[in-house]
Amino acid sequence: MSFLSNLINGISLGSVYAIIALGYTMVYGIAKMLNFAHGDVIMIGAYISFCVTQYMGLPAWVSVLAAMLVCTLLGITIESLAYKPLRNAPSLAVLITAIGMSYFLQNVALLIWGSNPKSFTSVIDADPIRLFDGQLIISDVALVTVAACILIMIGLTWFTGKTKMGRAMRAVSEDKGAAQLMGVNVNLTISVTFAIGSALAAIAGVLLCSAYPTLMPTTGSMPGIKAFTAAVFGGIGSIPGALLGGILLGIIEIFGKTYISTELGDAIVFAILILLLLVKPTGLLGKKVREKV
Amino acid sequence: MKKKTSKEFINNAVTYLLVIAAFLIVNTMKEAGMLTRSLTGQLIPICAYIVMAISLNLVVGISGELSLGHAGFMSVGAFTGAVVTASMAAAIPDPTVRMIMAMIIGGIAAGIMGVIVGVPVLRLQGDYLAIVTLAFGEIIRNVINCLYVSMDEGRLFISFNDPSLPGKLLINGPQGALGISKISTFVMGFALIIFTLIVVLNLMNSRNGRAMMALRDNRIAAESVGIGVTKYKLMAFVTASVLAGMAGVLYAMNYSTITAGKFKFDTSILVLVFVVLGGIGNIRGSIIAAAILTILPELLRSFNDYRMLVYAIVLILVMLATNNEHLKQWGSAFKRRLFSRHKAMKGGAEE
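If you're wondering where the values come from, they're calculated on a predicted model, not measured in any experiment.

**As for the overall build of chain B**
Piece 1. The helix and strand inventory of chain B stands at 13 helices and three strands.
Piece 2. Relative to the globule expectation of 20 Å for 351 residues, the C-alpha radius of gyration of chain B, 22 Å, shows essentially globular dimensions.
Piece 3. When the backbone C-alpha atoms are referred to their principal axes, chain B occupies close to 85 × 55 × 40 Å.
Piece 4. A burial count over chain B gives 49% of its 351 residues as buried.
Piece 5. Accessible area for chain B stands at about 16,700 Å²; split by element, carbon and sulfur atoms hold 64% of it.
Piece 6. Within chain B, the 17 negative side-chain charges are centred at a point lying 8 Å from the centre of the 30 positive side-chain charges.

What follows is the structure, encoded as structure tokens:
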């Protein structure tokens, strides 16, 4: 039974990673940049939700919507202020700007909410499901997280496959210049990508803090790095890859922590990533791009 | 060709002179007691960060590989150095000799780690290499957090996840290395910078260095004329690891305790920021950026709580400004005008 409950915990944690990794992977696919500030958008989302429920006393679903709205606006603002001017700059310059942005968000949060950890009350208030005479308990948060992850995946697959904007996104990720010549508004497409990624980050932040209720200005950085690892694990730029990578990573982390060593949980995750990349250098579902001379 | 060599020579000479002059000035000020206490405390970390920045520039700028785990090698050096100095305290009473021994052994340990990581990892390219180096840095931090080393009557005991060791604990898991004898000095830091400069600048201007740069600029073309990718990438990576390990020893010996948390992802990023702001591939730029950016938070002390916020904003604005097309055009136009006037003056003199 403990195996099953660990598996469920792993899938639930992995679903959060997958939702965050989607943001990384979409932005990477389209803007070809590693958005290191993504982890901190998660943290901002969680704080907004915290404030709306605690200080305004509004219901949980309003707080999630508010967090999504704020993060979407934040994502668009960050993109237009910091990343858009660097569209043609070397990728390292963009990387450093993203890191600067990450410091900026962390310090703003530090100034507004202070460094003391806040204890986040779960936005989901339902009874856990008990199976096998109460031997296997599936928490409400785990259920909602997995459900949210599946819904988001279906939504995104539909969006990128069927809608005009989704097609524009795929076109831009394939060849920015050609897409522009075909009349795709590249700047708008990139902004929309950031908006979607940041809204997903807000959801991820709320779910993450519902499961692990300590909220600090640095809450987002480690999940951000892990989700980035998940995106690479599944093949960066690929949406199903982000899902697969995220869930596998969550399972590996929980199992590593339970069966091998609590302290070495993160090390195991990263070691498996390295091993995988050595065997399959573009990740599980990544496309191998042939180099032309 | 000859002209280029002399240009390189002048360029390198300027770098050396700059470092020596800065050292002499700062040292005189220190002796005269003109530096504040917090600034004096920053001198050795600045030296360590300068060495880190130069060595990372060798990987990022010269070899063209993005590494996000440079602090990992620094921590290998730091903890090896802590154990070496503690265990040799009786055998070598002279702190300078002990420090040099620690640096050599710490450098070798970090270099071995560099080979272990580099051989498999350098087959990856671009962003994948970046994520693997990041992962590696995190692994090292995690492993050191579980490491216990103790010394009893001249023998070393090492265990994993088990603090019950005989004798005095040197490395105590998450609490890090304890009871380090603070034997780093500013002069040693300066010596290490000069050593790093000699290694890196000579490597850059050698046949090997040119092979690295050829691989950076066009891997396929370089391979087709017979330059082996793995050999040269590994050479740059391992050299940088050794130097980072030595910087780690210098850094650790400045504090009485040191934890693995000092060398996490943020530190790697910090060093990368030095390299990028100083100019990728520009050694002198790395030195200046590392020195200024390490002092900057101290100088911003009057902003109190807003200090790191201002730091972040400065970082973003500098990146935006240095990559701004208009500013660039303006800058090159200015340079051209200066240059043409210079030429006109020269021409006038000849007439």
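**Observations regarding the interface of chain A and chain B**
Piece 1. The interface is formed by 45 residues belonging to chain A together with 43 residues belonging to chain B.
Piece 2. Buried area between chain A and chain B, summed over both chains or domains, comes out near 3,700 Å², and the portion from carbon and sulfur atoms is 79%.
Piece 3. For the interface between chain A and chain B, the tally reads zero salt bridges.
Piece 4. There are zero residue pairs in polar contact (both at pLDDT 80 or more) connecting chain A and chain B.
Piece 5. Looking at the side of chain A that touches chain B, the elements with two or more residues in it are helix H3 (60–83), helix H4 (91–113), helix H9 (221–234) and helix H11 (265–279) of chain A.
Piece 6. The dominant element in the side of chain A that touches chain B, judged by the number of residues it contributes, is H4(A), at 13 residues.
Piece 7. Grouping the constituent residues of the side of chain A that touches chain B by class yields 34 nonpolar, eight polar and three charged.

**Considering unusual backbone geometry**
Piece 1. A positive phi angle is found at Lys32(A), which is not glycine, with a value near 55°.
Piece 2. What makes Lys32(A) partly exposed here is its relative accessible area of 49%.

**Focus: the pattern of salt bridges**
Piece 1. Throughout the structure, instances matching the rule amount to eight salt bridges over all chains.
Piece 2. Between Lys257(A) and Glu253(A) there is a salt bridge, and its shortest N-O distance comes to 3.0 Å. Pair noted here: Lys257(A) and Glu253(A) are both in helix H10 (residues 239–260), with a separation of four residues, about one helical turn.
Piece 3. Judged by its relative accessible area of 31%, Lys257(A) falls in the partly exposed class.
Piece 4. Of the charged contacts in the structure, one is a salt bridge between Glu138(B) and Arg141(B), with a shortest N-O distance of 2.7 Å. With Glu138(B) and Arg141(B) both in helix H5 (residues 126–145), this residue pair falls three residues apart, about one helical turn.

**Some details on the environment of Pro163(B)**
All names here are of chain B.
Piece 1. Mapped onto the secondary structure, Pro 163 falls in the loop between strand S2 (155–160) and strand S3 (168–172).
Piece 2. The partly exposed category is assigned to Pro 163, whose relative accessible area is 45%.
Piece 3. Between the C-alpha atom of Pro 163 and that of Ser 55, which follows or precedes it by 108 residues, the distance is 35 Å.
Piece 4. The contacts of Pro 163, once residues within four sequence positions are left out, are Tyr 148 and Leu 169.

**Comments concerning the sheet that holds S2(B)**
Residues and elements named next belong to chain B.
Piece 1. Taken in spatial order, the three strands line up as S2-S1-S3 in an open sheet, and their pairing is antiparallel. A strand with exactly one partner marks an edge of an open sheet, and here the two such strands are S2 and S3. On average, each strand axis in the sheet is inclined to that of its neighbour by 20°, with strand direction left out of account.
Piece 2. Sheet topology places strand S1 (residues 147–152) next to S3; four bridges connect them, and they run antiparallel. Paired with Val 149 across the strands is Ile 171, a residue of S3.
Piece 3. On the sheet, helix H3 (residues 70–87) packs against S1, S2 and S3 and is oriented at approximately 165° with respect to S3.

**Describing helix H8 (residues 186–211) of chain A**
Piece 1. For H8(A), spanning 26 residues, the distance from its first C-alpha to its last is 37 Å, which sits close to the expected 38 Å at 1.5 Å a residue.
Piece 2. Counting buried positions along H8(A) yields 22 of 26 residues, so the element is predominantly enclosed.

**Quick word on the environment of Leu24(B)**
Piece 1. When you line up the elements, Leu24(B) lands in helix H1 (residues 2–31).
Piece 2. Counting along the chain gives 166 residues from Leu24(B) to Phe190(B), while the straight-line C-alpha distance between them is 9.9 Å.

**So, the packing of H3(B) against helix H4 (residues 95–121) of chain B**
Residue and element names in this part refer to chain B.
Piece 1. One can describe the packing of H3 onto H4 by two numbers: an axis separation of 8 Å at closest approach and a directional angle of 140°. By the criterion of interaxial angle, the relationship of H3 to H4 is oblique. Judged by the twist between their axes, the crossing of H3 over H4 is right-handed. Only Arg 98, Ala 102, Ile 105, Gly 106, Ala 109, Ala 110, Met 113 and Gly 114 of H4 make contact with H3, whose side of the interface consists of Phe 73, Val 76, Gly 77, Thr 80, Gly 81, Val 84 and Thr 85.

**Notes on the side chain of Thr25(A)**
Piece 1. Mapped onto the fold, Thr25(A) is located in helix H1 (residues 2–31).
Piece 2. The class for Thr25(A) is buried, based on a relative accessible area of 1%.

**Section: the packing of aromatic side chains**
Piece 1. If you walk through the whole model with that rule in mind, you get 17 aromatic pairs over all chains.
Piece 2. Geometrically, the ring pair formed by Tyr83(A) and Phe194(A) is tilted, given 5.6 Å between the ring centres and 45° between the ring planes. Of this pair, Tyr83(A) sits in helix H3 while Phe194(A) sits in helix H8, and the two are 111 residues apart along the sequence.
Piece 3. The interplanar angle of 75° and the centroid separation of 5.8 Å between the aromatic rings of Tyr49(B) and Phe274(B) together place this pair among those described as edge-to-face. You can see Tyr49(B) sitting in helix H2 (residues 37–62) and its partner Phe274(B) sitting in helix H10 (residues 265–278), a full 225 residues away along the chain. With respect to burial, Tyr49(B) and Phe274(B) carry one shared label: buried.
Piece 4. An aromatic cluster is built from Tyr49(B), Phe79(B), Tyr251(B), Tyr255(B), Phe263(B) and Phe274(B), whose rings are joined through pairwise contacts.
Piece 5. Seen from the ring of Tyr255(B), Lys262(B) lies directly overhead, with NZ or CZ sitting 5.2 Å from the centre.

The rules behind the values
Residues numbered from 1 in each chain as written. Chains lettered and ligands numbered in written order. Predicted model: local features only at pLDDT ≥ 70, side-chain atom pairs only at ≥ 80, totals over all residues. Heavy atoms only, no water. Helix = DSSP H or I, 4+ residues; strand = E, 2+ residues; numbered from the N terminus. Rg over C-alpha atoms; globule rule 2.2 N^0.38 Å. Buried < 20%, exposed > 50% of the residue type's maximum accessible area, 1.4 Å probe, protein only. Areas by Shrake-Rupley, 256 points an atom, 1.4 Å probe, with all protein chains shown as cover. Lys, Arg positive; Asp, Glu negative; His and termini not counted. Charge placed at Lys NZ, Arg CZ, Asp CG, Glu CD. Contact = heavy atoms within 4.5 Å. Buried area = accessible area lost by both parts, 1.4 Å probe. Salt bridge = Lys/Arg side-chain N within 4 Å of Asp/Glu carboxyl O. Polar contact = N/O pair within 3.5 Å; in protein donor to acceptor, adjacent residues only side chain to side chain. Nonpolar A, V, L, I, M, F, W, Y, C, P; charged D, E, K, R; others polar. Pairing = 2+ DSSP bridges. Axes fitted to C-alpha atoms, helices over the stretch in contact; angles between N-to-C directions. Expected span 1.5 Å × (residues − 1). Parallel < 35°, antiparallel > 145°, perpendicular 65-115°, else oblique. Left-handed = near helix turned anticlockwise from the far one by under 90°. Phe/Tyr/Trp six-rings, centres within 6.5 Å; stacked < 30°, edge-to-face > 60°. Lys NZ or Arg CZ within 6 Å of the ring centre and 35° of its normal.

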